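# Overview (structure and organization)
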Amino acid sequence: MIQRTRSLFLATGTALVLSAFSGCNEGGGDAIVIGEFASLTGKEANFGTSSHEGTQLAVEQINAAGGLLGKQVELRTEDNLSKAGESANIVNKLIAKDQVVAVLGEVASGRSLEGAPICQQNGIPMISPASTNPKVTETGDYVFRVCFIDPFQGTVMANFAKNSLKVTKVAVFTDVKSDYSKGLAKFFKEGFSKSGQIVAELDYSGGDKDFKAQLTTIKNANPEAVFVPGYYTDVALIRIQARQLGLNVPFLGGDGWEGADLLTIGKDAVEGDYFSTHYSPEAGSPKGKAFVEAYKARYAGKTPDAMAALGYDSAMILAEAIKTSGSTEGAKIRDALAATKNFDAATGSITLNESRDAVKAAVILQVKDGAFKYLETVSP
Ligand code: PHE
């Protein structure tokens with residue numbers, strides 16, 4: 001059987017080598033192999049588990065409907081343990097060894113930024129389901145995302161603080177280890193400081209356990225709200241310690257808050273707080289509702305979160321591009337992806353702009369009675 005082997009070591013990127021021996025590589029034989037890198041374990045395991053489940057559901061539906069180009073689709077998933085410094089190797093392996101035709105991942109912007117250059121250099125399209133930092137798709141013309149970006153998300157929360165919460169003095173608490181957190185903090189500040197005041201700006205490092213020193217400084221600055229563009233595990237601990245210090249003003253955040261563990265760890269401490277994200281199962285289109293039903297049926301009644309929906313959408317948009325291009329060649333899939341318009345996705349209609357980002361609405365959720373409650377949708 002003739003199969004393709006791709007070399008990573010040619011400066012030109014992609015090389016096609018014909019091999020007469022099927023044992024020479026580990027491509028999927030007659031299947032179309034798609035790679036996925038995700039944080040399946042470790043600190044942000046909620047992210048990776050959700051996006052993987054959404055992606056897997058999409059692949060199962062695609063295969064049940066006859067596959068793509070007459071072939072079944074095979075998903076190869078690799079775990080980066082939620083750690084920095086793992087994703088480049090993993091993506092290299094997916095491309096060189098598994099010979100994937102495209103890569104899906106990651107949720108966290110920092111880890112997408114590690115995988116993206118490898119995809120770009122090899123001419124393999126990559127679609128991030130949920131990374132919102134602008135730099136991710138700036139990596140190059142093979143890198144796409146199916147979500148909005150943080151200049152929009154930061155503005156949404158700045159406007160929400162000003163117009164809905166009517167606060168004029170806000171503190172910002174940023175994870176300096178996270179590209180996502182630094183970017184979202186910057187865009188929030190740009191938006192909010194047009195008419196409000198940033199009364200304190202403090203930093204933490206993702207994974208820290210004691211935030212009391214910074215929270216004391218924040219409290220002494222008398223903010224009316226605190227913006228924490230972090231990931232849910234850190235945010236839950238930050239919120240608990242803030243309450244212990246008597247810092248009871250509303251806390252606000254972005255999509256990184258949306259992990260089930262925000263509630264299981266944060267409990268009462270996160271009650272009443274607000275964050276922006278990509279999607280709410282309470283406010284879906286017919287397509288969104290069908291996705292919620294299918295996901296619940298597949299995963300023991302579990303309600304999908306934004307990462308699950310975006311993981312699903314990333315695979316569906318890739319499948320559509322493979323179908324319309326009639327090819328598994330990187331350049332052809334890339335061209336089809338770049339032309340994506342009004343795609344009816346679980347998270348809403350997706351059009352990819354010239355920067356390969358999705359132009360989409362955000363939703364604002366509030367933690368209420370131990371659950372995420374839909375408040376409003378904000379269009380770009
Ligand atoms: N947007 C975050 C990032 O870029 C990841 C994220 C997406 C988290 C969706 C939760 C929900 O790092």
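Residues numbered from 1 in each chain as written. Predicted model: local features only at pLDDT ≥ 70, side-chain atom pairs only at ≥ 80, totals over all residues. Heavy atoms only, no water.

## Regarding the sheet that holds strand β5 (residues 102–104)
What the five strands build is an open sheet, ordered β4-β3-β5-β6-β7; its pairing is parallel. Here the strands that pair on one side only, and so sit at the sheet edges, are β4 (73–79) and β7 (143–145). Taken over all neighbouring pairs, the strand axes of this sheet differ in orientation by 25° on average, direction set aside. Bridging between β5 and strand β6 (residues 126–128) involves two bridges; their strand directions are parallel. (Pairing = 2+ DSSP bridges. Helix = DSSP H or I, 4+ residues; strand = E, 2+ residues; numbered from the N terminus. Axes fitted to C-alpha atoms, helices over the stretch in contact; angles between N-to-C directions.)

## Thoughts on the domain arrangement of the protein
By domain assignment, the protein separates into domain 1 (8–148 + 283–361) and domain 2 (150–277). The centre of domain 1, based on its C-alpha atoms, is set 30 Å off from the matching centre of domain 2. Listed by partner, the interface residues are 20 residues for domain 1 and 21 residues for domain 2. Interface area, domain 1 with domain 2, both sides summed: about 1500 Å², of which 53% is carbon and sulfur. Of all residues in domain 1, the largest losses of buried area upon contact with domain 2 belong to K43, N46 and F148, amounting jointly to 36% of the total for that side. Viewed at the interface, domain 2 and domain 1 are joined by two salt bridges. Residue D234 pairs with K43 through a salt bridge whose shortest N-O separation is 2.9 Å. In this assembly, domain 1 and domain 2 are joined by ten residue pairs in polar contact (both at pLDDT 80 or more). Within the side of domain 1 that touches domain 2, the residues separate by chemical class into ten nonpolar, five polar and five charged. (Domains from an automatic or database assignment. Contact = heavy atoms within 4.5 Å. Buried area = accessible area lost by both parts, 1.4 Å probe. Salt bridge = Lys/Arg side-chain N within 4 Å of Asp/Glu carboxyl O. Polar contact = N/O pair within 3.5 Å; in protein donor to acceptor, adjacent residues only side chain to side chain. Nonpolar A, V, L, I, M, F, W, Y, C, P; charged D, E, K, R; others polar.)

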